[in-house]
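Structural description and commentary
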Amino acid sequence: MSLFRKIFGFKSENKDEELIKSNERGKYMPEIKLPIDERFTINFKANGGKFLYCENLDEIFQNLQNILVENQWENKNVLVLDDQLESKFKGSSLQSTRKISDATFFLTTCENLIANDGSLLISSKQIFEKKLRELPFNFIVFATTSQIVESIGEGLRVIKSKSRQKIPTNITTIKHFKSVDEKDFLSYGSSAKNLYLLLLEDL
């Protein structure tokens, strides 16, 4: 996706020219609305999330290994509650467990990625009936670009349309990806997580 490449180090050489063009817009002109994927990326990073864009599964596995090495988690247990996810990552030498107290980090998917506030929408499909504060502080989330939606309301509609027979429960968002001492008063009472997002291009 060219937008992601532009954001993460593949920027245009005509940056100064683009800046001049943007400054030529009058103050009464309507604001230019960024593409949905770019807005999610900017807001997610502003919330303190760590973002790794991947073009294929090989890059997903490589970036996962880099995360493990960077945090010295190679020999640590990972909490995996999703059977399909565990099967997908079975070739990556993860030491999985179903016991929260034994886990250093949590590997999961999510329902949707919310562009307007950079949050992740999750449900009982990912965390069952557990509360966020019960889960490990460290999260690694596997998601795809097709999961990016405009708002929480749109994300809820997507969940409802995909799960007509049984709508998942325990729907919540994760928005704060900074340690407690870095959070501001607006995030009081929420459960902050040290979160890495492995985002696979599927559009």
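Located above this text is the structure these notes cover.
Residues numbered from 1 in each chain as written. Predicted model: local features only at pLDDT ≥ 70, side-chain atom pairs only at ≥ 80, totals over all residues. Heavy atoms only, no water.

1. A closer look at the sheet that holds strand β5 (residues 112–114)
Here is the rule: If DSSP finds at least two bridges between two strands, the strands pair. Segments assigned H or I by DSSP are reported as helices when at least four residues long, segments assigned E as strands when at least two residues long, and all are numbered from the N terminus. Residue contacts are defined here by distance: any two heavy atoms, one from each residue, within 4.5 Å place the two residues in contact. Here, axes are lines fitted to C-alpha atoms. For helices the fit covers the stretch in contact, and angles between N-to-C directions go from 0 to 180 degrees.
As summarised here, the arrangement of the 4 strands in space is β8-β5-β6-β9, forming an open sheet in which the pairing is mixed. Of all strands in the sheet, those with a lone pairing partner are β8 (148–149) and β9 (172–174), marking the two edges. Sheet topology note: the β5/strand β6 (residues 119–122) ladder contains 3 bridges and is antiparallel. Paired with Leu-113 across the strands is Leu-120, a residue of β6. Strands in contact with helix α7 (residues 152–162) are β5, β6, β8 and β9; relative to β5, the strand with the most contacts, it is inclined by about 165°.

2. A closer look at the sheet that holds strand β1 (residues 50–54)
The 6 strands are arranged β1-β10-β7-β4-β2-β3 in an open sheet whose pairing can be described as parallel. The open sheet terminates on both sides in strands that have one partner only, identified here as β1 and β3 (95–97). With strand direction ignored, the average angle separating the axes of adjacent strands in the sheet is 30°. Bridge count between strand β7 (residues 138–144) and strand β10 (residues 194–200): 7 bridges; the pairing is parallel. Among the inter-strand pairings, Ala-143 is bridged to a residue of β10, identified as Leu-199.

3. Remarks on the environment of Pro-136
You can see Pro-136 is positioned in the loop between α6 (124–127) and β7. For the pair Pro-136 and Phe-105, spaced 31 residues apart in sequence, the C-alpha to C-alpha distance is 5.5 Å. Leave out the neighbours within four places in its chain, and Pro-136 touches Leu-79, Ile-100, Ala-103, Thr-104, Phe-105, Phe-106 and Lys-193.

4. Some remarks on the packing of aromatic side chains
Put simply, the test is: Centres within 6.5 Å are what make two rings of Phe, Tyr or Trp a pair, Trp counting through its six-membered ring; a difference in plane orientation under 30 degrees is then read as stacked, over 60 as edge-to-face, and the rest as tilted. With a 1.4 Å probe rolled over the protein chains alone, any residue whose accessible area is under 20% of its type maximum counts as buried; one over 50% counts as exposed, and the rest are partly exposed. Charge-over-ring contacts are defined here by two conditions on Lys NZ or Arg CZ: a distance within 6 Å of the ring centre and an angle within 35 degrees of the ring normal.
Taken as a whole and judged by the stated rule, the model has 8 aromatic pairs. Seen from their ring centres, Phe-61 and Phe-89 are 5.5 Å apart, and the 90° between their planes marks the pair as edge-to-face. Here Phe-89 lies in the loop between α5 (83–88) and β3 and Phe-61 lies in helix α4 (residues 57–71), a separation of 28 residues in the sequence. Judged by relative accessible area, which is 28%, Phe-61 ranks as partly exposed. Residue class for Phe-89 comes out buried when judged on its relative accessible area of 2%. Each member of the aromatic cluster is reached from another via a ring pair, and the members are Phe-40, Phe-44, Phe-51 and Phe-177. Its guanidinium or amino end placed over the ring of Tyr-196, Lys-50 lies 5.1 Å from that ring's centre, counting from NZ or CZ.

5. Some remarks on helix α3 (residues 36–46)
What α3 keeps buried is the set Asp-37, Glu-38, Arg-39, Phe-40, Thr-41 and Phe-44. Phi for Gly-48, located one or two positions after α3, is positive at around 100°.

6. A closer look at the pairing of β10
Each regular strand carries side chains that alternate between the two faces of the sheet. Of all 7 residues in β10, 7 are buried; the element is thus mostly enclosed. In β10, alternate side chains face the same way, and those of Asn-194, Tyr-196, Leu-198 and Leu-200 on one face and Leu-195, Leu-197 and Leu-199 on the other are all buried.

7. A few points about the pairing of β6
On β6, burial covers both faces: Ser-119 and Leu-121 on one face and Leu-120 and Ile-122 on the other are all buried. Joining the antiparallel neighbours β5 and β6 is a turn of 4 residues, in which Gly-118 adopts a positive phi near 70°. Pairing of β6 with β9 involves 3 bridges; the strand directions are antiparallel. By the bridge assignment, Ile-122 is partnered in β9 with Thr-172.

8. A closer look at the side chain of Asn-112
Put simply, the rule reads: Throughout this description, a polar contact denotes any pair of N or O atoms lying within 3.5 Å of each other; where both atoms belong to protein, one of them has to be capable of donating a hydrogen while the other can accept it, and for residues adjacent in sequence the pair is counted only when both atoms sit in side chains.
Along the polypeptide, Asn-112 turns up in strand β5. A polar contact is formed between the side chain of Asn-112 and the backbone oxygen of Gln-147, at a distance of 3.0 Å. Those residues in contact with Asn-112 that sit more than four places away from it in its chain are Ser-119, Leu-120, Leu-121, Gln-147, Val-149, Gly-155, Val-158 and Ile-159.

9. Focus on the side chain of Thr-109
Tracing the backbone shows Thr-109 in the loop between β4 (105–108) and β5. A relative accessible area of 18% places Thr-109 in the buried class.

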